[in-house]
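Residues per chain are reported as follows:
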Amino acid sequence: MNKQYRVKKSNEIEKILKEKKFSSNSYFSVYKRNNPETSHFRYAISVGKKLGNAVIRNKLKRQIRAVINELNIDLNRNTDVFIIAKVKILDISYQEMLKQLEYLFNKQKLIKGEKND
């Protein structure tokens, strides 16, 4: 996914957190904010130092980005998403990570083609 789909500035991340539209499970917290200033989906990923050294954290971020690419996310929505990885993520496989993030994105109504009530 192109870098244009990433939220980089800390003040933008703070705006996402202030809106407090979130869902979480044992592995992730996903915060969402509708952003009329953008014309497409954007995301930011946070992997804390408690999860391991830089090599492990970067691997987790790459895997999360791959999951986002793999999911059928509605990229035309002007939505910003902030994903926080929790410590338990170290115990799961890539397929489980995909399933857990898909569940949270469905809950946030970010995946197109799903029946979201």
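For the structure itself, consult the block above.
Asks: Go over the nonpolar core with me, naming the residues and quoting the values.
Replies: In this structure, Phe-28, Ile-64, Ile-83, Ile-89 and Phe-105 are the most contacted members of the largest nonpolar core, which totals 27 residues. When contributions to this core are tallied by element, the ones reaching two or more residues are strand S2 (28-34), strand S3 (42-47), helix H2 (54-70), strand S4 (79-85) and helix H3 (94-107). Per-element tally for this core: the top contributor is H3, with 5 residues. If you look at the next biggest cluster of nonpolar residues, it comprises 6 residues, including Val-7, Ile-13, Ile-16 and Phe-82.

Asks: Outline the packing of aromatic side chains, supporting the account with residue identities and numerical values.
Replies: Under the defined criterion, the tally for this structure stands at 2 aromatic pairs. Both rings, one in Phe-22 and one in Tyr-31, keep their centres 5.1 Å apart while their planes meet at 25°; by these two values the pair is stacked.

Asks: Just give me the short version of the pattern of salt bridges, but keep the residues and values in it.
Replies: For the structure shown, the criterion picks out 5 salt bridges. The shortest N-O distance in the salt bridge between Glu-19 and Arg-33 comes to 3.6 Å. You can see Glu-19 sitting in helix H1 (residues 10-19) and its partner Arg-33 sitting in strand S2, a full 14 residues away along the chain. Relative accessible area serves as the criterion here: at 32%, Glu-19 is assigned to the partly exposed category. What makes Arg-33 buried here is its relative accessible area of 15%. One network of salt bridges, in which partners are shared, links Glu-12, Arg-42 and Asp-80.

Asks: I'd like a description of the side chain of Gln-100, backed by residues and values.
Replies: Its location among the elements puts Gln-100 in helix H3. Here Gln-100 is in contact with Asn-25, Tyr-27 and Phe-28, once residues within four sequence places are set aside.

Asks: An account of the pairing of S2 is needed here, citing residue identities and associated values.
Replies: Walk down a regular strand and you will see the side chains alternate between the two sheet faces. Within S2, 6 of the 7 residues are buried, which leaves the element mostly enclosed by the surrounding structure. Relative to S2, strand S1 (residues 21-24) is paired through 4 bridges, and the arrangement is antiparallel. Pairing of Ser-23 across the sheet is with Val-30, part of S2. The turn linking S1 back onto S2 is made up of 3 residues.

Asks: Break down the environment of Leu-110 for me, with residues and values.
Replies: With respect to the helices and strands, Leu-110 occurs in the segment after H3. The class for Leu-110 is buried, based on a relative accessible area of 2%.

Asks: Report on a nonpolar patch on the surface, specifying residues and quantitative values.
Replies: Taken together, the side chains of Ile-56, Val-87 and Leu-90 present a nonpolar region at the surface, about 230 Å² in accessible area. Within the secondary structure, Val-87 sits in the loop between S4 and H3.

Asks: Provide a residue-level description of the environment of Val-55, including the pertinent values.
Replies: Mapping Val-55 onto the fold places it in helix H2. Residue classification places Val-55 among the exposed positions, given a relative accessible area of 62%. Once the C-alpha coordinates of Val-55 and Thr-38 are considered, the two residues, 17 residues apart in sequence, prove to be 32 Å apart.

Cut-offs applied
- Residues numbered from 1 in each chain as written.
- Predicted model: local features only at pLDDT ≥ 70, side-chain atom pairs only at ≥ 80, totals over all residues.
- Heavy atoms only, no water.
- Core = buried A, V, L, I, M, F, W, Y, C linked by side-chain atoms within 4.5 Å.
- Buried < 20%, exposed > 50% of the residue type's maximum accessible area, 1.4 Å probe, protein only.
- Helix = DSSP H or I, 4+ residues; strand = E, 2+ residues; numbered from the N terminus.
- Phe/Tyr/Trp six-rings, centres within 6.5 Å; stacked < 30°, edge-to-face > 60°.
- Salt bridge = Lys/Arg side-chain N within 4 Å of Asp/Glu carboxyl O.
- Contact = heavy atoms within 4.5 Å.
- Pairing = 2+ DSSP bridges.
- Patch = residues over 30% accessible without salt bridge, like charges linked within 9 Å, V, L, I, M, F, W, Y side chains within 5 Å.
- Areas by Shrake-Rupley, 256 points an atom, 1.4 Å probe, with all protein chains shown as cover.

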